[in-house]
Amino acid sequence: MISQPFGTQSSYKRFGREWMLHAQYPEQNVEENFRINVGSSLCKKPYLCSILNIGGMSFGSISKNATLALNGGAKIGGFAQNTGEGGLTAYHNEYGADLIFQFGTGYFGCRGENGDFEDLKFEQICQNEFVKMIEVKISQGAKPGFGAILPAKKNTDEIAKYRGIKAHTEIHSPAYHSSFSTNDELIRFLDKLRQLSKGKPVGIKLCIGRESDFNSMIEAFSYQNKFPDFISIDGGEGGSGAANVDSLHWVGSPLDGALHLANQTLIRYGLRKEIKLFASGKIISSFDIFKVLALGADACYSARGMMFALGCVQSLKCNLNTCPTGITTMKADRVASLVISDKKQKVANYHKNTINGLKELLGASGIKNIKQISKAMIARKVNERETVLLSKLYPFDSDILHKKL
């Protein structure tokens, strides 16, 4: 149990303030291992996954010592590290933690000379015993629909080697995938990844934009009876060290509504049992996890929380290569200040304590496991006189209420 003196510093009078509704008689015997099985009926090698994992942070966006400390912490704590879209590196393999290999529009690590996806390179990555799942990033919450630039000065020989690009040159990641541009093409691409990976769970990550677009995609999955094993929903409030200012502030659906939409759309098309939902977007505390599970997530990622465990002081220099804590810089002297043996244990401790906190919230709610969490257990102050339950703010459409999860 983590304690704090003198009460909360978060005002209960603030509009938007949320809290959990505890039970009169807490549950004494919480029966939950806080793991889920990821793998649909199409998957040959399901993965037993922690409900809290390290969000995608590429080597190059974070330092080698940060990557190593995250890998070591994940190994100690028994949870997974998402590689981010910067390729699979030796630092991701150092301690033998479970990995979720992510790639985006740049296809870093599985990229041909022309910048397109290369089957053989991807297949070789999937042969890595530590790679447990594959995640195709369609869009990111901080910059959905926008491309990205890797400046030449940050494109070192080592980073270029792992990403499969030419060193010391400016690299543009487009806003779109060259491998697919329609739902039918996406389905065929996911089929190929499933075959090349020899049946490992394959998923997609996206920030929801137009509701009709997401609905059409899930409808296509249902109609063809071909679908990913998981979908990661990234909220528009998600962070990045190198986002376009316009996209950062004005593009992308917030996580709460997006999760609710994704959950009820999967139910509507009969795919909720097949597809697991992951959530990401400023998830830090045990209550944050409780809330996203209530809104429909099965598991979640935390990048920000893991960075705090590494020692992030929010100096806001992520994009300047001058991070004082050695997390988001490539400068050797600053990187050396991040002591791996110390920080990997702190990462493991953060995960352990956050999960323990979630267990205590379940007990206080009077429930035994995460499947019993509901939106009716969380209240939000919406104005001076009114408090509303999340179940009222995010109700299910009447036409799917009769369908079972």
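In case you missed it, the structure is sitting above this.
Residues numbered from 1 in each chain as written. Predicted model: local features only at pLDDT ≥ 70, side-chain atom pairs only at ≥ 80, totals over all residues. Heavy atoms only, no water.

Colleague: Help me out: how do you make sense of the overall build of the protein chain in this one?
Modeller: Regarding its fold elements, the protein chain presents 12 helices and 15 strands. Across its three principal directions, the C-alpha atoms of the protein chain cover 60 × 55 × 40 Å. Counting all 405 residues of the protein chain, 52% fall into the buried class. When contacts within the protein chain are restricted to residue pairs at least 6 apart in sequence, those whose partners lie at least 24 apart make up 68%. Here the protein chain displays about 18900 Å² of accessible surface, and carbon together with sulfur accounts for 51% of that area. For the protein chain, the separation between the mean place of its 50 positive charges and that of its 38 negative charges on side chains is 4 Å. (Helix = DSSP H or I, 4+ residues; strand = E, 2+ residues; numbered from the N terminus. Buried < 20%, exposed > 50% of the residue type's maximum accessible area, 1.4 Å probe, protein only. Contact = heavy atoms within 4.5 Å. Areas by Shrake-Rupley, 256 points an atom, 1.4 Å probe, with all protein chains shown as cover. Lys, Arg positive; Asp, Glu negative; His and termini not counted. Charge placed at Lys NZ, Arg CZ, Asp CG, Glu CD.)

Colleague: Teacher, can you tell me more about the sheet that holds strand β1 (residues 18-20) here?
Modeller: Strands belonging to one sheet form pairs held by backbone hydrogen bonds; the direction of such a pair is parallel or antiparallel. Read from one edge of the open sheet, three strands run β1-β14-β15, paired in antiparallel fashion. The sheet terminates laterally at β1 and β15 (387-389), the two strands that pair on one side only. On average, each strand axis in the sheet is inclined to that of its neighbour by 30°, with strand direction left out of account. The sheet contact formed by strand β14 (residues 378-381) and β15 spans three bridges and is antiparallel. Looking at the pairing, alanine 379 lines up with leucine 389 of β15. (Pairing = 2+ DSSP bridges. Axes fitted to C-alpha atoms, helices over the stretch in contact; angles between N-to-C directions.)

Colleague: How do you make sense of the packing of aromatic side chains when you look at a structure like this?
Modeller: A ring pair, where both rings are aromatic, is described by two values, the distance of the centres and the angle of the planes. This model, assessed by the stated rule, comprises 16 aromatic pairs. Plain terms: the ring middles of phenylalanine 101 and phenylalanine 103 are 6.1 Å apart, the flat faces sit at 40° to each other, and that makes the pair tilted. When sorted by exposure, phenylalanine 101 lands in the same class as phenylalanine 103, which is buried. Their ring planes at 35° and their centres at 5.5 Å tell us that phenylalanine 278 and tyrosine 301 sit as a pair that is tilted. Residue phenylalanine 278 is located in strand β12 (residues 276-280), and its partner tyrosine 301 is located in strand β13 (residues 299-302); the two are separated by 23 residues in the primary sequence. Each member of the pair, phenylalanine 278 together with tyrosine 301, is buried. Connected via pairs of aromatic rings, a cluster forms that spans Phe101, Phe103, Tyr107, Phe117, Phe122, Phe180 and Phe189. (Phe/Tyr/Trp six-rings, centres within 6.5 Å; stacked < 30°, edge-to-face > 60°.)

Colleague: Honestly, the pairing of strand β6 (residues 98-103) in this entry has me stumped. Any pointers?
Modeller: Note on strand geometry: in a regular strand, side chains alternate between the two faces of the sheet. Burial analysis of β6 places five of its six residues in the buried class, which makes it a mostly covered element. Relative to β6, strand β5 (residues 80-82) is paired through three bridges, and the arrangement is parallel. Opposite glutamine 81, over in β6, you have leucine 99 as the bridge partner. Once the chain exits β6 it traverses helix α2 (residues 119-126) before rejoining the sheet at strand β7 (residues 131-137), and the crossover so formed is right-handed. (Right-handed = clockwise from strand over helix to strand, strands pointing away.)

Colleague: What should I look at first to understand the packing of helix α5 (residues 211-224) against helix α7 (residues 255-268) in this one?
Modeller: The description of two helices packed together rests on the angle between their axes and the distance between the axes. One can describe the packing of α5 onto α7 by two numbers: an axis separation of 10 Å at closest approach and a directional angle of 35°. For the crossing formed where α5 meets α7, the hand is right-handed. Contacts between α5 and α7 involve Glu211, Phe214, Asn215 and Ile218 on the former and, on the latter, Leu261, Ala262, Thr265, Leu266 and Arg268. Broken down by class, the residue content of the contact of α5 with α7 amounts to five nonpolar, two polar and two charged. (Left-handed = near helix turned anticlockwise from the far one by under 90°. Nonpolar A, V, L, I, M, F, W, Y, C, P; charged D, E, K, R; others polar.)

Colleague: Which parts of the structure should I look at to understand the environment of phenylalanine 278?
Modeller: Judged by its relative accessible area of 0%, phenylalanine 278 is buried. Each C-alpha atom, one on phenylalanine 278 and one on lysine 205, is 8.7 Å from the other, the two residues being 73 residues apart in sequence.

Colleague: Could you clarify how one ought to interpret helix α4 (residues 183-196) in this entry?
Modeller: Count 3.6 residues to each turn of an α-helix, and residues three or four apart come out pointing the same way. Between the first and last C-alpha of α4 there are 20 Å, a value that for 14 residues agrees with the 20 Å anticipated at 1.5 Å per step. Considered for burial, the residues of α4 that qualify are Leu186, Ile187, Phe189, Leu190, Leu193, Arg194 and Leu196. Of the residues one or two after α4, lysine 198 is the one with positive phi, at around 60°. (Expected span 1.5 Å × (residues − 1).)

Colleague: Any chance you could explain unusual backbone geometry here in plain terms?
Modeller: Leaving glycine out, the prevailing phi sign among residues is negative, and the prevailing peptide bond configuration is trans. Positive phi, close to 60°, is recorded for histidine 168, a residue that is not glycine. Structurally, histidine 168 is set in the loop between α3 (157-163) and β9 (171-173). For lysine 282, which is not a glycine, the phi torsion comes out positive at approximately 60°. Structurally, lysine 282 can be placed in the loop between β12 and α8 (286-294).

Colleague: Looking at this model, I keep getting lost on the environment of glutamine 140. Mind explaining?
Modeller: Looking at where glutamine 140 falls in the secondary structure, it is placed in the loop between β7 and β8 (148-150). Assessed through its relative accessible area of 13%, glutamine 140 is described here as buried. Distance in space between the C-alpha atoms of glutamine 140 and methionine 330 is 23 Å, their sequence separation being 190 residues.

Colleague: In this structure, what is going on with the pairing of strand β11 (residues 230-234)? I would like to understand it.
Modeller: For β11, the buried fraction is high: five of the five residues fall into the buried class. Here β11 shows no split at all, with Phe230, Ser232 and Asp234 on one side and Ile231 and Ile233 on the other all buried. Here strand β10 (residues 202-206) runs beside β11; their pairing, made up of four bridges, is parallel. Paired with leucine 206 across the bridge in β11 is isoleucine 233. Considered for its hand, the β-α-β crossover made up of β10, α5 and β11 is right-handed. Judged from the five bridges that link them, β11 and β12 form a sheet pairing that is parallel. Note on β12: the bridge partner recorded for phenylalanine 230 is lysine 276.

Worth remembering: the numbers are spatial, not functional.
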